Amino acid sequence: MPLTLTILGTASPHPGPDRPCSGYLVSGGGAEVWVDAGPGTFAALQRHTDPARLTAIWISHLHADHSADLLAAAYAFAFGGMTPHAPIPVYAPQDCARRLAGFFGRPDVEFLKGVFDFRDLHDGHDVRHWNLRLTARAVAHDTEAYGLRAEAQGSVLAYSGDSGPCPALTELAARADLFLCEADLGEHRDGEHSQQVHLTPEDAGRTAREARVRELLVTHVGPTLTREAATERAAAVFGRTTFTAVEGDIHSV
Ligand SMILES: [Zn+2]
């Protein structure tokens, strides 16, 4: 089973018609992993797979535009008859279970454990499901956040999550076949010494070039840009094949 990436949603910071927030289906090596659960992506996911049969769920960070549809999945799995035969591993920053339980007005997380098996991410977290290997790196954002490196059968997909420019992001993407990278900002608003928590298209292109990736796929383009303009600007710096992430597209890695 070769590595493939299905685009479920790319919008930032809110979903639009037929355009969910961040979410992807990564398939390969016999495994299927829902990567980021932005609003609208649980519905989109059902076009491509049976969510009850997911191998795992992997959440880059707990901002709502990357995680809120865990709630939709919890309803489906716990009350909607879409019951997984075993709790689905959820790799996420710490506190994910407690926050999700809060939506149900419950202080305990025990009732969620019948459908989700929460496992905290950390920098360097590394797990293998069948022949799909998932490695997390802590990246620069304004909350605990991770980028993902997914490898199967010699192919490598890297995903920025939400991140400012940082060495960990470049290391994560090193020589990836496909680098799915955010380009949220038209320009950095703050002074050069303040922490940068998102990328401009030029940052995405520069990171892709320095990491020597084969192809760049631009996603999570914020409201000050069009995704076409962001892709053009990123391509001008990267100098190699650059695509726009579009809902419903399936990329072979
Ligand atoms: Zn974020």
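Position numbers for residues start from 1 in each chain and track the written sequence from start to end. In keeping with the model being predicted, local features are shown solely for residues with a pLDDT of at least 70 and side-chain atom pairs are shown and tallied solely at 80 or more, while totals for entire chains, interfaces and linings include all residues. Side-chain metrics rest on all non-hydrogen atoms present in the structure, leaving aside hydrogens and water.

A. Spotlight on the overall build of the protein chain. Along the protein chain, the regular secondary structure elements total seven helices and 14 strands. Relative to the 2.2 N^0.38 estimate, which gives 18 Å for 253 residues, the radius of gyration of the protein chain is 17 Å and therefore close to what a compact globule would have. Judged by the C-alpha coordinates and their principal axes, the protein chain covers about 50 × 40 × 35 Å. Working definition: with a 1.4 Å probe on protein chains only, accessible area under 20% of the residue-type maximum means buried, over 50% means exposed, and in between means partly exposed. The buried share of the protein chain, taken over its 253 residues, is 57%. Whether two residues touch is decided by their heavy atoms; if any such pair falls within 4.5 Å, the residues are in contact. Of the contacts made within the protein chain by residues no fewer than 6 positions apart, 61% connect residues no fewer than 24 positions apart. Carbon and sulfur atoms make up 49% of the accessible area of the protein chain, which totals about 10700 Å². Neither His nor the chain termini are counted; the positive set is Lys and Arg, and the negative set is Asp and Glu. The location of each charge is read from NZ of Lys, CZ of Arg, CG of Asp or CD of Glu. On the protein chain, the mean spot of the 21 positive side-chain charges and the mean spot of the 32 negative ones are 5 Å from each other. Each helix is a run of H or I in the DSSP string that is no shorter than four residues. Each strand is a run of E no shorter than two, and both are numbered from the N terminus. The size measure is the radius of gyration over C-alpha atoms, and the globule rule it meets is 2.2 Å times the number of residues to the 0.38 power. Only the protein chains shown count as cover for residues, and all accessible areas are computed by the Shrake-Rupley method using a 1.4 Å probe.

B. Broad picture of the coordination of the zinc ion. Distances up to 2.8 Å from the metal define which N, O and S atoms are donors, and 3.2 Å serves for Na, K and Ca; water is absent from the atom set, so sites may look incomplete. Binding of the zinc ion to the protein goes through His61 (NE2), His63 (ND1), His141 (NE2) and Asp162 (OD), at separations of 2.2 to 2.3 Å. Every geometry call rests on angle ranges, with four donors termed tetrahedral when all angles are between 85 and 135 degrees, four termed square planar and six termed octahedral when opposite donors are over 155 degrees apart and all others are between 65 and 115, and everything else termed irregular. Between the four donor atoms coordinating the zinc ion, the angles at the centre fall across 90 to 172°, so the site counts as irregular. Along the chain, the residues donating to the zinc ion fall in the pattern H-x1-H-x77-H-x20-D. Assessed through its relative accessible area of 0%, histidine 61 is described here as buried.

C. Region of interest: the pairing of strand β3 (residues 31-37). The buried fraction of β3 amounts to seven of the seven residues, a majority that puts the element mostly inside the structure. As defined by bridge partners, strand β2 (residues 23-28) adjoins β3 across six bridges and the pair is classed as antiparallel. Across the sheet, the residue bridging to leucine 25 is tryptophan 34, located in β3. At least two bridges found by DSSP between two strands are what make those strands a pair. Linking β2 to β3, which pair antiparallel, is a turn of two residues; within it glycine 29 sits at a positive phi near 60°. Sheet analysis places β3 next to strand β4 (residues 56-58), joined by three bridges and oriented parallel. For valine 35, the partnering residue across the bridge sits in β4 and is tryptophan 58.

D. Focus on the side chain of histidine 61. The topology assignment puts histidine 61 in the loop between β4 and α2 (64-67). Within polar-contact distance, the side chain of histidine 61 engages the side chain of histidine 141 at 3.4 Å. In contact with histidine 61, other than residues within four places in its own chain, are Asp36, His66, Ser67, Pro93, His141, Thr143, Glu144, Ala145 and Asp162. Any pair of N or O atoms that falls within 3.5 Å is considered a polar contact. Within protein, one atom must be able to donate a hydrogen and the other to accept it, and sequence-neighbouring residues count only if both atoms are side-chain atoms.

E. Here's a closer look at the nonpolar core. What is meant by a nonpolar core is a set of buried Ala, Val, Leu, Ile, Met, Phe, Trp, Tyr and Cys residues, joined one to another through side-chain atoms within 4.5 Å. Ranked by internal contacts, the top residues of the largest apolar core, which has 27 residues, are Leu5, Val35, Trp58, Leu132, Leu134, Leu157 and Leu180. For this core, the secondary structure elements donating two or more residues are β1 (4-9), β2, β3, β4, β8 (132-138), β9 (146-152), β10 (155-159) and β11 (178-183). Counting residues per element, this core draws most heavily on β9, at four residues. Not counting the four nearest positions on each side in its chain, leucine 157 is found in contact with Leu3, Leu5, Val26, Leu148, Arg149, Ala150, Leu178, Leu180 and Val253.

Taken by themselves, the reported measurements are silent on function.
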